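# Observations on chain architecture
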Amino acid sequence: MIVKMADTAKRFMALVTGLIKRQYYNNVELTNDVLKEEIYPDLSEEDFEHIITRCTGWLKNMVSADMDMTQLEVFLTAQMKRKENAMTEEQAAVFRKLWKIHKNKIHDSIVSQTIWGNTLKKVSWRVDLKSQSKNEEQINAPTAIMEFHIADNLNKNSQASEVVTFELDENKVTDMLNSMQDIKDRIQKYTTK
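Residues numbered from 1 in each chain as written. Predicted model: local features only at pLDDT ≥ 70, side-chain atom pairs only at ≥ 80, totals over all residues. Heavy atoms only, no water.

### Details of the pattern of salt bridges
Counting across every chain of the model gives 5 salt bridges. In this structure, the salt-bridge partner of R11 is D42, at a minimum N-O distance of 3.0 Å. Here D42 lies in the loop between helix 2 (32-39) and helix 3 (45-65) and R11 lies in helix 1 (residues 2-24), a separation of 31 residues in the sequence. For D42, a relative accessible area of 61% translates into the label exposed. Linking R96 and E89 is a salt bridge whose minimum nitrogen-to-oxygen distance equals 3.3 Å. One connected set of salt bridges, linked through shared partners, spans E73, E89 and R96. (Salt bridge = Lys/Arg side-chain N within 4 Å of Asp/Glu carboxyl O. Helix = DSSP H or I, 4+ residues; strand = E, 2+ residues; numbered from the N terminus. Buried < 20%, exposed > 50% of the residue type's maximum accessible area, 1.4 Å probe, protein only.)

Structure representation (structure tokens):
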């Protein structure tokens, strides 16, 4: 009996892992037919579809709520206490383990799939002192050299990024920092409601 339970848990883990890879990591080769043939060949088509539907629903709930481990426990407990189609303790253990492993990767995958514009990947900067200039007052004046690496999310296959480089004098740095503070204050205003 213990061997059968372990085998059942391993098969269930393989199924949920396959669903995660297909749904959130875009592994299109993991069709229902492949999963059934590899993991549950002895199960009827109807029973297999029922398991797929339940697991997909549970995963969607977990992903859409971006559950932390406490929320996940509450969710799994509620699913185990249902009168019909209750989740088993073994199934809950599989979801706990896989969620701990895949939560951040799934989140990153969902975010990358929903960004259509350009994104800032990296910011580099340094401070230089001008040693030559047309105006003598600009000599030895500190300037910030900024470098932004911008990724094109419209072309998902490209890993290349555009690099934008520019200089800021002390006044422009102050203006930029004030603008950034305004942005920060506005975001905090909306997030602390």
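Past the structure itself, the notes keep going.
### Here's the deal with the confidence of the model for the chain
The pLDDT averaged across the chain works out to 88; a share of 90% of its residues lies at or above 70. Looking across the chain, the model is least confident in helix 1, with a mean pLDDT of 82, and most confident in helix 4 (residues 69-80), with 96. (pLDDT = per-residue confidence, 0-100.)

### With respect to the nonpolar core
Formed by 29 residues in total, the largest nonpolar core has its most connected members in F12, L15, V16, L35, C55 and F95. Elements with a contribution of two residues or more to this core: helix 1, helix 2, helix 3, helix 4 and helix 5 (89-113). With 8 residues, the single largest contributor to this core is helix 3. Once residues lying within four places of it in the same chain are set aside, the contact partners of L35 are L15, G18, L19, R22, L30, Y40, F48 and I52. (Core = buried A, V, L, I, M, F, W, Y, C linked by side-chain atoms within 4.5 Å. Contact = heavy atoms within 4.5 Å.)

### Considering a nonpolar patch on the surface
A surface patch of nonpolar side chains, amounting to about 440 Å² of accessible area, comprises L120, V123, W125 and V127. Residue position: V123 is located in strand 1 (residues 118-129). (Patch = residues over 30% accessible without salt bridge, like charges linked within 9 Å, V, L, I, M, F, W, Y side chains within 5 Å. Areas by Shrake-Rupley, 256 points an atom, 1.4 Å probe, with all protein chains shown as cover.)

### Here we look at helix 2
All of the buried residues along helix 2 are L35, K36 and I39. Projected onto a plane normal to the axis of helix 2, the buried residues spread over an arc of 95° and lie on a single side. Opposite the buried face of helix 2, at more than 90 degrees from it, the exposed residues are D33, E37 and E38. (Arc of directions from axis to C-beta.)

### Describing the environment of S131
Its location among the elements puts S131 in the loop between strand 1 and strand 2 (142-152). With a relative accessible area of 61%, S131 lands in the exposed category.

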